[in-house]
Amino acid sequence: MEWGAVSSEGKEVSTILESGSQRTLSPYVTGTSVLGLKYKDGVIMAADMGGSYGSTLRYKSVERIKPIGKHTLLGASGEISDFQEILRYLDELIIYDHMWDDGNSLGPKEVHNYLNRVMYNRRNKFDPLWNSLVVGGVKNGQKYLGMVGMIGTHYEDNHVATGFGNHLARPIMRAEWREDLTFEEAVKILEKCLLVLLYRDRSAINKFQISKITEEGVTISEPYALKTNWDFSAFQNPTKGAEGSW
Amino acid sequence: MAKALADVPPKGGFSFDLCRRNDMLVKKGIQLPGFRKTGTTIVGLIFEDGVILGADTRATEGPIVADKNCEKIHYMAPNIYCCGAGTAADTEAVTDMVSSQLQLHRYATGRESRVVTTLTLLKSHLFSYQGYVSAALVLGGVDVTGPHLHTVYPHGSTDTLPFATMGSGSLAAMAVFESKYKEGLSREEGIQLVSEAICSGIFNDLGSGSNVDVCVITKGKTDYLRNHQLPNPRTYVSSRGYSFAKGHTEVLSTKIIPLKAKPEVAVVDAMEE
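Worth saying up front: this structure is predicted, and the values here are computed from it rather than measured. Numbers given to residues run from 1 along each chain, matching the order in which its sequence is written. Here chains are named by letter from A upward and ligands by number from 1 upward, in the order in which they appear as written. Whole-chain, interface and lining totals are the exception, using all residues; otherwise, since this is a predicted model, local features are given only for residues with pLDDT of at least 70 and side-chain atom pairs are given and counted only at 80 or more. Values reported for side chains reflect all heavy atoms of the structure, with hydrogen atoms and water molecules removed beforehand.

Caption draft 1: Highlighting the confidence of the model for chain B. Along the chain, pLDDT gives the predictor's confidence residue by residue, from 0 to 100. Predicted confidence across chain B gives a mean pLDDT of 88, with 93% of residues reaching 70 or more. Prediction confidence for the complex, expressed as pTM and ipTM, is 0.79 and 0.77 respectively.

Caption draft 2: Layout of the packing of helix α3 (residues 88-109) of chain B against helix α4 (residues 115-128) of chain B. All names here are of chain B. Interhelical geometry of α3 versus α4 gives an angle of 135° and a closest axis separation of 10 Å. Considering the angle they form, α3 stands oblique to α4. Remark: the crossing between α3 and α4 carries right-handed chirality. On the side of α3, the interface is formed by Val94, Met97, Val98, Gln101, Leu102 and His105, while α4 contributes Thr117, Thr118, Leu121, Leu122, His125 and Leu126. Looking at the contact of α3 with α4 residue by residue, the class counts come to seven nonpolar, five polar and no charged. With axes taken as lines fitted to C-alpha atoms, and helix axes fitted only over the stretch in contact, angles between N-to-C directions fall between 0 and 180 degrees. Each helix is a run of H or I in the DSSP string that is no shorter than four residues. Each strand is a run of E no shorter than two, and both are numbered from the N terminus. When an angle is under 35 degrees it counts as roughly parallel; over 145 it counts as roughly antiparallel; between 65 and 115 it counts as roughly perpendicular; any other value is oblique. If you view the pair so one helix is near and one far, a crossing is left-handed when the near helix is turned anticlockwise from the far one by less than a right angle, and right-handed when it is turned clockwise. We call two residues contacting when some pair of their heavy atoms lies within 4.5 Å. Throughout this entry, Asp, Glu, Lys and Arg are counted as charged residues, while Ala, Val, Leu, Ile, Met, Phe, Trp, Tyr, Cys and Pro are counted as nonpolar. The remaining residues, Gly among them, count as polar.

Caption draft 3: Expanded view of the packing of aromatic side chains. In this scheme Phe, Tyr and Trp rings, the latter by its six-membered ring, pair at centre separations within 6.5 Å, and the angle between planes marks the pair as stacked below 30 degrees, edge-to-face above 60, and tilted otherwise. Throughout the structure, instances matching the rule amount to nine aromatic pairs over all chains. Ring centres of A:Tyr199 and A:Trp230 lie 5.5 Å apart, and the angle between their planes is 85°; on these two criteria the pair is classed as edge-to-face. Here A:Tyr199, found in helix α5 (residues 183-200), pairs with A:Trp230, found in the loop between β15 (218-220) and α6 (233-236); they are 31 residues apart in sequence, far enough to count as distant. Judged by its relative accessible area of 18%, A:Tyr199 is buried. Both rings, one in A:Phe232 and one in B:Tyr181, keep their centres 5.4 Å apart while their planes meet at 55°; by these two values the pair is tilted. Here A:Phe232, found in the loop between β15 and α6, pairs with B:Tyr181, found in the loop between α5 (170-180) and α6 (187-204), and the two come from separate chains. To sort residues, take the accessible area from a 1.4 Å probe on protein chains only and compare it with the maximum for the residue type: under 20% means buried, over 50% means exposed, and anything in between is partly exposed. A relative accessible area of 8% means that A:Phe232 is categorised as buried. The structure contains a cluster of three or more aromatic residues connected by ring pairs, namely A:Phe232, A:Phe235, B:Phe163, B:Phe177 and B:Tyr181. Throughout this description, the term charge over a ring refers to an Arg CZ or Lys NZ atom that lies within 6 Å of the ring centre and within 35 degrees of the ring normal. Residue placement shows A:Lys212 over the ring face of A:Phe183; its charged tip is 5.1 Å from the ring centre.

Caption draft 4: Highlighting the packing of α5(A) against α5(B). For the pair α5(A) and α5(B), interaxial distance at closest approach is 9 Å and the crossing angle is 110°. In terms of orientation, α5(A) lies roughly perpendicular with respect to α5(B). Contacts from A:Lys192, A:Val196, A:Tyr199 and A:Arg200 in α5(A) reach B:Met174, B:Ala175, B:Glu178, B:Ser179 and B:Lys180 in α5(B). In the contact of α5(A) with α5(B), the residues fall into four nonpolar, one polar and four charged.

Caption draft 5: The arrangement of the UniProt feature "active site" (unreviewed entry) in chain B in detail. Residues and elements named next belong to chain B. UniProt positions are given in the numbering used here, feature names are shortened, and annotations may be inferred rather than shown by experiment. In this numbering, the UniProt entry assigns the feature "active site" (unreviewed entry) to Thr40. Relative to the assigned elements, threonine 40 resides in the loop between α2 (19-28) and β1 (42-46). Residue contacts for threonine 40: discarding those within four places in its chain leaves Asp56, Lys72, Gly84, Ala85, Met166, Gly167, Ser168, Gly169, Ser170, Asp205, Gly207 and Ser208.

This is the structure in structure tokens:
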């Protein structure tokens, strides 16, 4: 089957340098797409809770969206261990910032910039953190949503997606996003995209968390499932009229 | 032993004799010749009265748009049409060939062609060429047994589906179908959904672009809506037109050089007859 120009997080063989240090360059436990979009009161993000080990669905309760400080949400796809490492870096950063005790706190723009530097630097050392990150948040009424890739590519937009979400979800978001979406409308758009991903991305599972961040704070929903529809009459007997074919 | 093999006439199908030579040449650094790919969004869906097929109209040669308005919905039979993605030459040739075979079959049987016949002819041809004929097709039609929609892959496998997309823009189009398709669509709803899916491919995939072609096949009637939508018009067209009359450009100097020297006609005797 040909998809044309589509590729997911690639795989490379690990290499051992002369110095003896090993750079592992293939991801092991991976998460699939993360979706994010801005709405009237803030930013909303969604991801499923699967951690795949190659083609096995190894972990089914991985939280891939985490709050950072007071103003930011971070969602990650790709290698889960690298995501946990990034959370440690950010933890250190937030604590350090808190110790200044100067009444200011790091907002989503700052977190995005920091992650961008970290990712790009690691890429230059040929030792990337194998993630695509979605950074979203609200600070002083300003909504912010951006993305950083494993090679340091970054941008900011009204709606972002990682991995397969770029191909399957962004066309829907581009067609249906507007300024001043209410929370319910934004959830509907995200659920539409999550359903398409569930049908068409082999590493997606039917267990999602939707999180929102507003000026008031962060809310991460309980895990829930979407209703899928498999009862097309054409699926009942595909070879009707041509017994023996397929 | 080798002599005995050489005496047997070739049975047809793909001859893999030169593959090792080609691999060796590639290893030496020779670049294989490129080919024009359609880099496409093609879709099909079944609605209440039949089948609707849709396609974009951009043909690419690497990063260049080779044809801004090509036709990707190919005629197979009066009641069967086929959209093609992949290498343009392969889709054209294979659909033309099977279309001729169907015509001969119609003469032989005296009946309307069936979609499953087309499907079997296509898949057995593509399988025997082991994927080297790079044609990915969405085949749809209405025959005595009802409406049918199939996808055919370059290696020869097929699927029978209520809605299908192929090509580089297939994910963008499938996102639209998966979220909006339902059974028993009316003709208007079906055309609207197909156009929306193709537009999603046109605007979100770089390999697809230009216009939307739609083909509606129902029992007894086929409507080929060429350029049903033109969502990419030329933006800046001069209203005064582009004629440049004499006097628009200043003439600095003029020099006339006769190209053929005029022959001196001497008065001579008449030619010998």
